[in-house]
Amino acid sequence: MENYVKSRVEEQPSACPLPGVLPDAPEVRVKDGSKIRNLMRFALSRMESKPKAASQPAPVEEGDAVEESSPGCPLCRQVVFRASGKGVSKAITCAEIMKRRIKGLHQLTRLEFSTVKEVWEPLEPGAGLDSLTVSRNLPAIWILLSRDPLDQSQPGYQAPGHYDSLWAQSASEGSVGSRPGQRRKRGGAASGVGAGGRGKGPGRLQGRPRDPKPSS
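Just so we're clear, the structure is a prediction, and the values are computed from it rather than from any experiment.

Asks: Sorry if this is basic, but what is going on with helix α1 (residues 36–48) here?
Replies: Think of an α-helix as 3.6 residues a turn; residues three or four steps apart then line up on the same face. The end-to-end C-alpha distance of α1, which contains 13 residues, comes to 17 Å, matching closely the 18 Å that a straight helix rising 1.5 Å per residue would cover. Among the residues making up α1, those that are buried are Leu39, Met40, Phe42, Ala43, Leu44, Arg46 and Met47.

Below, the structure written as structure tokens:
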């Protein structure tokens, strides 16, 4: 591939695998270069303030400006985060921030693969090389957050408060084994560790004379 250069990347469209998504639910597309603060500003504006008048909002990408919402429109009850490849972890972070910011959100998660086609062009068009198209399957995630209850029998469902319970469990497990007022023991002569952190081996004794030099 040293004679080729990547010209463009085409992601194949895929239908939303989440059941029960409302028609007015905004779809936030998270990429590897997206900034979380921009994504969260848009998502929170659709669920915490008056959204703009739009029947079918377009997916949000990095650099898109968030317009002011117009009065008279109801708030969105749902929001969808979708990402593929390196943006999966960032989409999960956005969903967890939303659940911490807005209490009582039901979550439904789907994992799948998305097909991406990379088109490679030859560096020298006159060398007789043809264009190459490489198809790759990247892991993708779809996360639905809803104020209204969802079907609990669906795989990937998380009830409200599940996030807080995990944090409380992690905090309690981290405190096990640590007692108040307990001090760390410093190694002494028995452990072979001195005050400076270096031990003295059993073969090195204090006051041991050196071997005399041989006489000429």
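Asks: Any chance you could explain the pairing of strand β5 (residues 132–146) here in plain terms?
Replies: Residues in a regular strand project their side chains so that they alternate between the two faces of the sheet. Where strand β3 (residues 78–84) and β5 come together, 7 bridges link them in antiparallel fashion. Residue pairing in the sheet places Gln78 in a bridge with Ser146 of β5. Across 15 bridges, the pairing between strand β4 (residues 106–122) and β5 is antiparallel. Its bridge partner being in β5, Leu108 is matched across the sheet by Leu144.

Asks: How should the side chain of Thr109 be read in this particular structure?
Replies: Structurally, the position occupied by Thr109 is in strand β4. At 3.0 Å, the side chain of Thr109 and the side chain of Gln107 are in polar contact. Apart from the residues within four sequence positions on either side, Thr109 is in contact with Leu18, Ile141, Trp142, Ile143, Pro155 and Gly156.

Asks: Is there a simple way to explain a nonpolar patch on the surface in this structure?
Replies: Side chains of Met1, Leu132 and Val134 sit close together on the surface and give an oily, nonpolar patch of about 230 Å² of accessible area. Position of Met1 relative to the elements: it lies in the segment before β1 (4–11).

Asks: Looking at this structure, I do not really get the side chain of Ser114. What am I missing?
Replies: For Ser114, the position within the fold is in strand β4. Ignoring anything within four residues of it in the chain, the contact list for Ser114 reads Glu11, Ser84, Arg136, Asn137, Leu138 and Ala140.

Asks: Would you take a moment to explain the nonpolar core for this structure?
Replies: Judged by nonpolar contacts, the single largest core of 21 residues is most densely connected at Val28, Val30, Val79, Phe81, Met98 and Leu145. Elements supplying a minimum of two residues to this core: β2 (27–30), α1, β3, α2 (88–101) and β5. No other element matches the 6 residues that α1 contributes to this core.

Asks: I would appreciate a short explanation of the pattern of salt bridges in the present structure.
Replies: A side chain with one charge may pair with a side chain of the opposite charge, provided their charged atoms come close. Within this structure, the stated rule accounts for 9 salt bridges. Linking Glu118 and Lys6 is a salt bridge whose minimum nitrogen-to-oxygen distance equals 3.7 Å. Of this pair, Glu118 sits in strand β4 while Lys6 sits in strand β1, placing them 112 residues apart in sequence. Several salt bridges converge on common partners, so that one network encompasses Glu11, Glu27, Arg29 and Arg82.

Asks: Got a minute to help me understand the packing of α1 against α2 in this structure?
Replies: Working note: a packed helix pair is described by the angle between its axes plus the distance between those axes. Relative to each other, α1 and α2 sit at 40°, their axes nearing to 11 Å. Comparing the axis directions of α1 and α2 gives the class oblique. The interaxial crossing formed by α1 with α2 has right-handed handedness. Where α1 abuts α2, its residues Ile36, Leu39, Met40, Ala43, Leu44, Met47 and Glu48 lie against Lys90, Thr93, Cys94, Ile97, Met98 and Arg101. Among the residues making up the contact of α1 with α2, the classes are represented as 9 nonpolar, 1 polar and 3 charged.

Rules used throughout
Residues numbered from 1 in each chain as written. Predicted model: local features only at pLDDT ≥ 70, side-chain atom pairs only at ≥ 80, totals over all residues. Heavy atoms only, no water. Helix = DSSP H or I, 4+ residues; strand = E, 2+ residues; numbered from the N terminus. Expected span 1.5 Å × (residues − 1). Buried < 20%, exposed > 50% of the residue type's maximum accessible area, 1.4 Å probe, protein only. Pairing = 2+ DSSP bridges. Polar contact = N/O pair within 3.5 Å; in protein donor to acceptor, adjacent residues only side chain to side chain. Contact = heavy atoms within 4.5 Å. Patch = residues over 30% accessible without salt bridge, like charges linked within 9 Å, V, L, I, M, F, W, Y side chains within 5 Å. Areas by Shrake-Rupley, 256 points an atom, 1.4 Å probe, with all protein chains shown as cover. Salt bridge = Lys/Arg side-chain N within 4 Å of Asp/Glu carboxyl O. Core = buried A, V, L, I, M, F, W, Y, C linked by side-chain atoms within 4.5 Å. Axes fitted to C-alpha atoms, helices over the stretch in contact; angles between N-to-C directions. Parallel < 35°, antiparallel > 145°, perpendicular 65-115°, else oblique. Left-handed = near helix turned anticlockwise from the far one by under 90°. Nonpolar A, V, L, I, M, F, W, Y, C, P; charged D, E, K, R; others polar.

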